[in-house]
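Examination of the molecular architecture
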Amino acid sequence: MAFDQVRVRLAPSPTGDPHVGTGYIALFNFVFARKNKGKLILRIEDTDQVRSRASSEQMIMESLRWLGLDWDEGPDVGGAFGPYRQSERRHLHQEHANKLVTSGHAYRCFCTSERLDEMRAKQKADGSQLGYDRHCRNLSDAAISANLSASKPFVVRMKMPTDGVTIVKDLLRGNVEFENQRIDDQVLLKSDGYPTYHLANVVDDHLMKISHVIRAEEWVSSTPKHVLLYEAFGWEQPTFVHMPLLRNTDKSKISKRKNPVSLRYYQRAGILPEAMVNFLALMGWSFGNDIEIFTVSEMIEKFELERINLGGPIFDQTKLNWMNNQYMQKISTGRFVEYLRDQIFNIDQLLKIKPFAVERMDRFDQFLDNNIFFFNGALKYDGIPLVPAGKTNDEMITMLGRLAETLDEVYDWSMDPIKQAMDAVKTELNWKPKDYFMPIRLVVTGRKDSPPLVESIEIIGREMTRFRLRDAADYLKAHPQKTPS
RNA sequence: GUCCCCAUCGUCUAGCCUGGCCCAGGACACCGCCCUUUCACGGCGGCGACGGGGGUUCAAAUCCCCCUGGGGACGCCA
């Protein structure tokens, strides 16, 4: 093999909260790198200019460090193969896209997104194969220069072979064959000049000398495109390893609609990082000898990629909690005190609560009783009438879901945007203020005499607010408070 | 719809590659008992799975085929 060193990478896209799946894949990359005395590279895949956010990048790095998964090269620590943010490598991607156009492996496509939408709608309607119809694949030179001089926007698409098969060698799944004629002429370069995942990924993996691509199973079906790109460039392929997907209880791919997926939520909920990592390790891998509790170092010693179980594991909170309890029981006194001080009663949080707390108590011994919801995780809704008089159980569930979704889009977590988001949902669903705010207050704080709602929500934070909204919706599904008349 | 992946208790899994030691082992959850002035922890026990059908073989959870089921992908998102 031409790769003289194991080099693996973590390639999160900074488009939201640090995802538990990112932590999962990070763990296996980390362990594999350490096992083989190789390097772990953190590369930020921020080629989606619309959705990428610097704050998200920051949170991802914090969460990974919280888990104790450190990297050898990355945007913050540097390295010999930088830059490590794809947006800063744009010229490289463009240069390589142009190479492919010149060599005849790719072409410019001037189709508008309207045309593509129509095309897809049509394909869907008559049930034909989905994919680009290759309208621009064989434009004449004259047509191309005419479009270019009219400065029509274009993308660069890869010219996929029309016959034969492409074989993806996956370390865990063996050879997976794909018929070339079914592979879509993938967009490599968007009209804004940024690369798509496929191009950026292959170019950067090659330039960064990545030896093993360890990523989630959802990528299997686009891997033939990547293989074809390596071939078009004449580059050696890395070894592909596709990990199983973490699942919701209903076996679908883990999603925030059905499960808390933010690592920050688990941190906030008091899960110890070593418990989280240990639990994640058990998703698809096992230590052997019926041992379930082990550290990352112990995992590194015993690790074998080949022993990964390919069935998609369900992310089971109950077992996570048990795992956490196991670590809790062994925690040192120092760490116990530290944790409470830094994570639960942390000074920033107390500072924010103070003005609201002092108005509502005349003795300090009332503090915890009054403000418990600022520190708690899940709340108890038994005996609390959550559904307002004018609404049905189902309407309430729908409202909670919409509000959770909408609040999730609030990246600047401060009063005004939160207020706006809440009003937007109220308007969208056409709820009266009277029916709207009290139930939300009850769900989020567990009481009707809480400090001001928006302020409280801001302090509670996005992850926990979202969790409580979902949790209350689940609660109402299981325990309807009203039956439809 | 098309392509691809996967398939052991409700859940996480061991065993599968290199068939016999497996009428399938461990853990979570659940149930019972014990410990205990409560609860929890802990200990003991119980419940509980090789999706179905064909092969191959003296012998199949383990190898092969079909079916079924589940999942993923089919974006100028990653």
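Within any chain, residue numbers begin from 1 and follow the written order of that chain's sequence. Note on labels: chains are lettered from A, ligands numbered from 1, in written order. Where local features are concerned, this predicted model is filtered to residues with pLDDT of at least 70; where side-chain atom pairs are given and counted, the filter is 80 or more; whole-chain, interface and lining totals use all residues. Only hydrogens and water are set aside; all other atoms, that is, all heavy atoms of the structure, feed into the side-chain values.

One full turn of an α-helix is made of 3.6 residues, so residues set three or four places apart face in the same direction. Helix and strand assignments come from DSSP, with helices taken as H or I runs of at least 4 residues and strands as E runs of at least 2, each series counted from the N terminus. One less than the number of residues in a helix, times 1.5 Å, gives the span that helix is expected to have. Taking 1.5 Å as the rise per residue, helix α19 (residues 462-478) with 17 residues should run 24 Å; its terminal C-alpha atoms sit 24 Å apart, in good agreement. For each residue, the accessible area found with a 1.4 Å probe, counting protein chains only, is set against the maximum for its type, and the residue is called buried under 20%, exposed over 50%, and partly exposed in between. For α19, the buried fraction is high: 13 of the 17 residues fall into the buried class.

A few words on the pattern of salt bridges. Salt-bridge detection follows one rule: a side-chain nitrogen of Lys or Arg within 4 Å of a carboxyl oxygen of Asp or Glu. Taken as a whole and judged by the stated rule, the model has 33 salt bridges. Measuring nitrogen to oxygen at the nearest pair gives 3.1 Å for the salt bridge that ties Arg-51 to Asp-48. Put simply, Arg-360 and Glu-359 hold a salt bridge, and the shortest N to O gap is 3.0 Å. Accessibility expressed as a relative area gives 34% for Arg-360, which makes it partly exposed. Connected through shared salt-bridge partners, Arg-9, Arg-43, Glu-45 and Asp-205 make up one network.

Here 3 strands make up an open sheet; going across it, the order is β3-β4-β7 and the pairing antiparallel. A single partner strand is all that each edge strand has here, and the edge strands are β3 (106-109) and β7 (187-189). Each strand axis lies, on average, 45 degrees off the axis of its neighbour in the sheet, ignoring direction. By definition, two strands form a pair when at least two bridges between them are found by DSSP. Note on definitions: angles span 0 to 180 degrees between N-to-C directions of axes, and those axes are lines fitted to C-alpha atoms, for helices only across the stretch in contact.

Around RNA strand B, a shell composed of 51 residues is seen, among which Arg-173, Lys-190, Gly-284, Glu-292 and Asn-309 lie nearest. Here the atoms of RNA strand B within 4 Å of the protein split so that 80% fall in sugar or phosphate, with bases taking the remainder. At a separation of 2.8 Å, a phosphate oxygen of RNA strand B approaches a polar side-chain atom of Thr-47. Within the contact set of RNA strand B, a phosphate oxygen lies 2.6 Å away from a side-chain nitrogen or oxygen of Lys-190. Counting residues per element, the ones that place at least two in the surface near RNA strand B are α4 (113-125), β4 (155-158), β6 (174-179) and α11 (317-329). Per-element accounting of the surface near RNA strand B gives the leading share, 5 residues, to α11. Nearness is judged by heavy atoms alone; a residue qualifies as near a molecule or strand once a single heavy atom is within 4 Å of it. Polar contact criterion, stated in full: a pair of N or O atoms within 3.5 Å, where within protein one must be able to donate a hydrogen and the other to accept it, and residues adjacent in sequence count only if both atoms are side-chain atoms.

Here we take up a nonpolar patch on the surface. Patch membership requires over 30% relative accessible area and the absence of a salt bridge. Like charges are linked within 9 Å, and nonpolar side chains (Val, Leu, Ile, Met, Phe, Trp, Tyr) within 5 Å. Per-residue and other accessible areas were derived by the Shrake-Rupley procedure at a 1.4 Å probe size, with only the shown protein chains allowed to occlude residues. There is a patch of nonpolar side chains on the surface, built from Phe-336, Val-337, Leu-340, Phe-345, Leu-368 and Ile-372 and spanning about 490 Å² of accessible area. No other element matches helix α12 (residues 333-344), which puts 3 residues into the nonpolar patch. Along the polypeptide, Ile-372 turns up in the loop between α14 (367-371) and α15 (393-408).

Our next topic: the packing of aromatic side chains. The relation between two aromatic rings is expressed through the spacing of the ring centres and the mutual angle of the planes. Only centres within 6.5 Å qualify two rings of Phe, Tyr or Trp (six-membered ring in Trp) as a pair; their planes then separate them into stacked at under 30 degrees, edge-to-face at over 60, and tilted for everything else. Counted under the stated rule, the structure contains 19 aromatic pairs. On the numbers, 3.9 Å between centres and 15 degrees between planes, the contact of Tyr-197 with Trp-219 is stacked. With Tyr-197 in helix α6 (residues 197-207) and Trp-219 in the loop between β8 (212-216) and α7 (223-233), the pair connects residues that are 22 residues apart, well separated along the chain. By relative accessible area, Tyr-197 is classed as buried at 18%. Here the aromatic rings of Trp-285 and Phe-294 are separated by 5.8 Å at their centres, their planes lie at 75 degrees, and the arrangement is edge-to-face. Residue class for Trp-285 comes out buried when judged on its relative accessible area of 2%. Site record: aromatic cluster; members linked through ring pairs are Tyr-24, Phe-28, Trp-285, Phe-287, Phe-294 and Phe-303. Consider the ring centre and the ring normal. A charge sits over the ring if Lys NZ or Arg CZ is within 6 Å of that centre and within 35 degrees of that normal. Above the face of the Phe-287 ring, Lys-302 is positioned so that its terminal group lies 5.0 Å from the ring centre.

Before going further, it helps to examine the environment of Thr-22. Among the structural elements, Thr-22 can be located in helix α1 (residues 20-35). Residue Thr-22 is classed as partly exposed on the basis of its relative accessible area, which comes to 22%.

Domain ranges listed in this record stem from an automatic or a database domain assignment. According to the domain assignment, chain A consists of domain 1 (92-197), domain 2 (263-348) and domain 3 (359-478). Computed from C-alpha atoms alone, the centre-to-centre distance between domain 2 and domain 3 is 30 Å. Across the boundary between the two partners, domain 2 contributes 6 residues, which contact 9 residues of domain 3. In this description, buried area is defined as the sum, over both parts, of the accessible area (probe of 1.4 Å) that is lost when the two are combined. Both faces combined, the contact of domain 2 with domain 3 buries some 700 Å², and carbon together with sulfur accounts for 62% of it. It is Tyr-265, Arg-268 and Phe-345 that lose the most area in domain 2 upon contact with domain 3, and together they represent 75% of the buried surface on that side. Joining domain 2 to domain 3, the criterion identifies 1 salt bridge. For Glu-463, the salt bridge goes to Arg-264, with nearest N and O atoms at 2.9 Å. Counting across the domain 2 and domain 3 interface gives 3 residue pairs in polar contact (both at pLDDT 80 or more). Here the element with the most residues in the side of domain 2 that touches domain 3 is helix α8 (residues 263-268); it accounts for 3 residues. Note on contacts: a residue pair qualifies if any of its non-hydrogen atoms lie within 4.5 Å across the two residues.

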